[in-house]
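Residue-level structural notes
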Amino acid sequence: MEQVGLRPLSCLLFLLPLSAIAQTGAGPGYVGNNVCRTCHPDVWSTFYKNPHYKSVASGKEAPEQTGCESCHGPGKAHVEAKGGKATIVAFSELQPKAILDNCLRCHAETLSRANIRRSSHTLNDVVCTSCHSIHKSPVPKFLLAKQQTTLCYGCHAEVRAQFSMPFKHRVNEGFMTCSDCHNPHGAPAPTWRMAARPRMTDQALSNEEPCLKCHSEKRGPFLYEHEPVRVDGCETCHYPHGSTNSRLLRRPVVFTMCLECHNGAGLGRQGAGVLPITGSHNLADPRYQNCTTCHVRIHGSNSDALFLR
Amino acid sequence: MKPPLTTAVLVFTAVAAAQPPVAPTPEPVGSPRGENVSNYNIMNSFETGYRFRTFGGSFEQYRSTVNYGDGIRLFSSFLTINSKDGHGKYFDDLSLTTQGLGNDPYESATLRIQKNRLYRYDMVWRLNDYYNPGLRTGGAAGFHLLDTEYTTQDHDFTLFPQSNVKFFLGYSRGNQNGPALSSIQLFGSTGNDFPLFENVRRVRNEYRIGNEVHFRGVRFTWMRGWEGFKEDSNFFSDANPGLVKNNSTAITSFARDEPFHGTSPYWRAGLFTEGKYFAANGRFTYTSGRRGFVLDENAAGTGRFGVELARQIVTAGIAQRPALTADLTLSFFPTSRLTVTNHTAVHNIRINGDSSFAQFDNATLSVSYVAFEFLGIRTVANETEANFQATRWLGFYGGYQYSDRQIRSIEQSKTGTNLFNAPSEQSNALNSGTFGVRLRPLKPLTIVFNGDIGRSDHPLTPIADRNYHDLGARVLYKAKTFQLSASTRANYNNNSVSLATYSSHSRNYSANAAWTPRDWFSLDAGYSKLHLDTLGGITYFASAQSFQGQSLYISNLHAANLTARFDIRKRADLFIGYSHTQDTGSDQGPVSVTIAPGLSGPPSAIFAAQTFPLTFRSPSARFSLRFTEKLRWNVGYQYYGYNERFYNSLDFRAHTGYTSLLWSF
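Residues numbered from 1 in each chain as written. Chains lettered and ligands numbered in written order. Predicted model: local features only at pLDDT ≥ 70, side-chain atom pairs only at ≥ 80, totals over all residues.

**Observations regarding the overall build of chain B**
Helices and strands together make up the secondary structure of chain B, namely 3 helices and 29 strands. In chain B, the share of contacts with a sequence separation of at least 24, taken over all contacts with a separation of at least 6, comes to 60%. (Helix = DSSP H or I, 4+ residues; strand = E, 2+ residues; numbered from the N terminus. Contact = placed C-beta atoms within 7 Å.)

What follows is the structure in structure tokens.
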């Protein structure tokens, strides 16, 4: 009795999409969103909150750029086969490159994504759906599959460890996000380093290191620049994520860090190169073991070549 | 109204994001909501409550590391309004989130409003109440303290965001204000060091306007911006005997004003096009930075031999920095399996400026000179990379990079008729290669091996990359209820020249697992070992003797985290977590240094700097109980313990917690 009762319902569910196809009169193979919603009401019921709904609301886009079929392709065969992943573009079945190509049909043009094909993520098969959830995103912006830090930590466990150190940028606390400094879609070659390392670091004004977005007092220009800051960047002396040392320094004691560059070998390094000045203080005296007590303007100074004021 | 699944997920996350200060976790608490009003769906939640803390040990270190205080907070709020047909009268999407408002050290608010096809507005506002106790050497107190509040805000408005012609307007602002402690050395190299109070006042403003045009498959973007920065911090001190004991040099008064104001107007332009077999994008940026500065410093005090001293220093000048950057990326897709990219980047920055310096001692001009400084950096980099997918389960990539950098410096000063001129130049070329292999033997399993090897001829600093290689591997298993990722990476760099050597070895191992076997239980665990050892040759003076020694640094960091969440009969959520960071340092003991015959040993601080073992642990727990569909009660606790092995002046332990009510409607 129960089976008999279900049969008409099944037929009805199947016929509804077909009748909808007849009504829409869309292009070859395209059936329109009204057909999709018949079998996928859970997706459709909240799709108006999805940024992709704009293509539906517009009402002016071509069928291949509207709603469901703009990503999943023509749905006619899918409907006629009564569903199935083989008859439609199912992202769970696609190769990473195919996923990337599919999304980039519309999303390639944003300049911040212009380097996505050469990004480390793409090269390592981390593509759009690795981080974005189109239909079940729990965050209000960018359709991320999880909160941003959770996403990034999922693969970059060593970075989670760095942000758990006593001295760190406030990412876990919610003040900052990874994308404040990184472009997960790839970035141009950094201007403050050689070659293309790092690849995923977003750049600030003048294409400088992203540190200067917030630490703008260190941007200068200074009359007396501390050359490594401009040439090799802030990480010459600092760890950007987190450190066991105060001020994210690479060493627990300042003078050892300074001496590793100002190491007394400056005259022999490259002949007429840019010379690091050799330290000449009595390091047995604790007074001189904290270089920045006197060299207070170590990032650059307008008044003193030795950064004393 | 029966709330749909997605609505539930959204609210879950909003609530989860509501409590990151105590235990930042993404676990869901709360219940689904959403009301339809007219043509809009509205979701709203507020979490407000009281935060408390107790602590022992170094309060300064606690403030630097954690910094949560007592008091009532609006822990978080969350609001979204969506039009149901995409044709709202004034907007189609509004989302507002806040965190920590009302006294937390980390506060933020984000707002997005948009109307389809017409406009989009994004705002981010953030505040960081930052405290730094100063640098410490060997457990001693440092001199550079900072207790400032930093706020930043970004506003971006886009007109016609979905059309072929868009317009952009933007504004950003950053403020840093608060007291600080600095230091200065006065009255000669044998003088004394004095602490200075600093009133930090920094402001950055940036205005931008731009446009984007899409025509016949080519997208062209331009933006014009103006950045202004000014700092009006001033320094002062009353009578002070100085920081160095057994030194009679003292000051009776000190004041310094050092304002500098500047602008950085810039142009940016971008071009993009993509076809079936190729894509091209270019970017051009030009910024002309310019900052003017004045320094007026007055100091009065007593010299080493009891002589009264008065010194005034006046400096004024202008520094300029034109910077040009151009990037071009060409991508080719000869087959569906092969992508070839070529990226060329040119960066040229020139920093120059001049200033006059005058020093008056006891009202008599003693030093006066005019200085000119120049630092120019020109970098050209080219990279070609091929990415090939051989089969569904096997892929390769490899590339070659070449960078050429020229660094030029001119130091000039003129004292009377004496001209000092020191030009220098350094050229640096880097050749490097990258490679990688991707394996997907099973659908949920990805294995990646990659590497990078480089040779640089004349890096600027002894610690920069010279002869390096970087090898890594990563495994990711991603199933419906289980995700495991593990990675290892080794980076070796050797930078040796005739008189100095420097080498660094870093080896990282990490693993992370997330398991959700039931909808009422989830587990997340991770472990990382970060090893670093560096060894550099250094020459230094100690007790009037010159030493050729080594600077050794060894760090063995072990970091582990564990979180578990239980959903108890859909009525309560229990979360427990633990985070442990420990640097075990080195068990090898101090490394000997070369000491010339007849000389005494180097200062003990050299040995003390070789390792810095410490432990930082933080267990936490949180409980959330649903009273009604619209109301939950939350309580949380987190402990912080910081312990250094060699010194204990900065150790602290703190108990923090909160209780809050969450309304969702």
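**A look at the overall build of chain A**
Looking only at helices and strands, one finds 15 helices and 4 strands in chain A. Looking at chain A as a whole, 53% of its 309 residues qualify as buried. Sequence separation of at least 24 residues holds for 43% of the intrachain contacts in chain A that already meet a minimum separation of 6. (Buried ≥ 20, exposed ≤ 12 C-beta atoms within 10 Å, placed from the backbone.)

**Quick notes on the pairing of strand β5 (residues 106-115) of chain B**
The two faces of a sheet get side chains in turn, since along a regular strand they alternate between them. Residues and elements named next belong to chain B. As paired strands, strand β4 (residues 93-101) and β5 are joined by 7 bridges and run antiparallel to one another. Paired with Ser95 across the two strands is Arg112, which belongs to β5. Sheet topology note: the β5/strand β6 (residues 119-132) ladder contains 10 bridges and is antiparallel. From the neighbouring strand, Leu111 faces β6, where its bridge partner is Met123. The loop that links β5 with its antiparallel partner β6 comprises 3 residues; one of these, Arg117, has a positive phi angle of about 70°. (Pairing = 2+ DSSP bridges.)

**Some points on the pairing of strand β28 (residues 631-644) of chain B**
All names here are of chain B. Because side chains alternate across β28, one face comprises the buried residues Arg632, Asn634, Gly636, Gln638, Tyr640, Tyr642 and Glu644, and the other comprises Leu631, Trp633, Val635, Tyr637, Tyr639, Gly641 and Asn643, none of which is buried. The pairing of strand β27 (residues 614-628) with β28 spans 12 bridges and is classified as antiparallel. Its bridge partner being in β28, Ser620 is matched across the sheet by Gln638. Counting the residues between successive antiparallel strands, the hairpin from β27 to β28 contains 2 residues. Two strands pair when backbone bridges link them, and β28 and strand β29 (residues 652-664) are joined in this way by 12 bridges, in the antiparallel orientation. Residue pairing in the sheet places Gln638 in a bridge with Thr656 of β29.

**Comments concerning the environment of Gly306 of chain B**
Here Gly306 of chain B is to be found in the loop between β14 (278-302) and β15 (308-335). Note: C-alpha distance between Gly306 of chain B and Tyr50 of chain B (256 residues apart in sequence) is 57 Å.

**Concerning helix α7 (residues 96-107) of chain A**
Helix length check: α7 of chain A (12 residues) gives 16 Å between terminal C-alpha atoms against 16 Å at 1.5 Å per residue, within 8%. For α7 of chain A, the set of buried residues is Pro96, Lys97, Leu100 and Asn102 of chain A. Where α7 of chain A is buried, its residues touch α5 (67-72), α8 (120-123) and α9 (128-131) of chain A together with β17 (364-389) of chain B. (Expected span 1.5 Å × (residues − 1).)

**A few points about the confidence of the model for chain A**
Residue and element names in this part refer to chain A. Mean pLDDT for chain A: 83, with 86% of residues reaching 70 or above. Low pLDDT, under 50, characterises residues 1-25; the stretch is placed with 19 contacts to residues that sit more than four places away or in other chains. Across residues 267-273 the pLDDT falls below 50, and counting only partners more than four positions away or on other chains, this stretch makes 12 contacts in the model. (pLDDT = per-residue confidence, 0-100.)

**Some words on the nonpolar core**
If you look at the biggest cluster of nonpolar residues, it comprises 47 residues, and the most contacted ones within it are Val254, Phe255, Cys258 and Leu283 of chain A together with Leu186, Phe194 and Tyr540 of chain B. Where this core is concerned, the elements lending two or more residues are α14 (254-261) of chain A together with β8 (165-186), β9 (192-215), β12 (250-257), β15, β16 (338-361), β17 and β24 (521-542) of chain B. In terms of residue count, the dominant contributor to this core is α14 of chain A (6 residues). Judged by nonpolar contacts, the second largest core, of 13 residues, contains Ala161 and Phe163 of chain A together with Tyr106 and Leu530 of chain B. (Core = buried A, V, L, I, M, F, W, Y, C linked by C-beta atoms within 7 Å.)

**Focus on α14 of chain A**
Judged by how many residues are buried, α14 of chain A sits mostly within the fold: 8 of 8 residues are covered. What α14 of chain A keeps buried is the set Val254, Phe255, Thr256, Met257, Cys258, Leu259, Glu260 and Cys261 of chain A. Against α13 (227-231) of chain A together with β23 (501-518), β24 and β25 (545-568) of chain B lie the buried residues of α14 of chain A.

**Looking at the environment of Asp232 of chain A**
Structurally, Asp232 of chain A is set in the loop between α13 and β3 (242-243). Judged by C-beta crowding, with 19 C-beta atoms within 10 Å, Asp232 of chain A ranks as partly exposed. For the pair Asp232 of chain A and Asn282 of chain A, spaced 50 residues apart in the sequence, the C-alpha separation amounts to 29 Å. Residue contacts for Asp232 of chain A: discarding those within four places in its chain leaves Trp192 and Arg193 of chain A together with Leu460, Thr461 and Ala464 of chain B.

**Points about unusual backbone geometry**
Glycine aside, residues mostly have negative phi angles, and peptide bonds mostly take the trans form. Going from Gly220 of chain A to Pro221 of chain A, the amide bond is cis rather than trans, its omega being 5°. Looking at the element boundaries, Pro221 of chain A is found in the loop between α12 (211-214) and β2 (224-225). The residue Lys82 of chain A is not glycine, and still its phi comes out positive at about 60°. Assignment of secondary structure puts Lys82 of chain A in the loop between α6 (76-80) and α7. Non-glycine residue Asn67 of chain B carries a positive phi angle of around 75°. Looking at the element boundaries, Asn67 of chain B is found in the loop between α2 (59-65) and β3 (71-83).

**Focus: the confidence of the model for chain B**
Residue and element names in this part refer to chain B. When pLDDT is averaged across chain B, the result is 87; 90% of the residues are at 70 or more. Looking across chain B, the model is least confident in helix α1 (residues 5-16), with a mean pLDDT of 40, and most confident in β5, with 95. Here residues 1-32 scores under 50 on pLDDT; set against residues more than four positions off or in separate chains, the count is 97 contacts.

**Digging into the environment of Ser280 of chain A**
All names here are of chain A. Following the sequence through the fold, Ser280 ends up in the loop between α15 (266-269) and β4 (300-301). Judged by local crowding, Ser280 falls into the exposed class, with 12 C-beta atoms found within 10 Å. Remark: the alpha-carbon pair of Ser280 and His262, spanning 18 residues in sequence, is separated by 9.8 Å.

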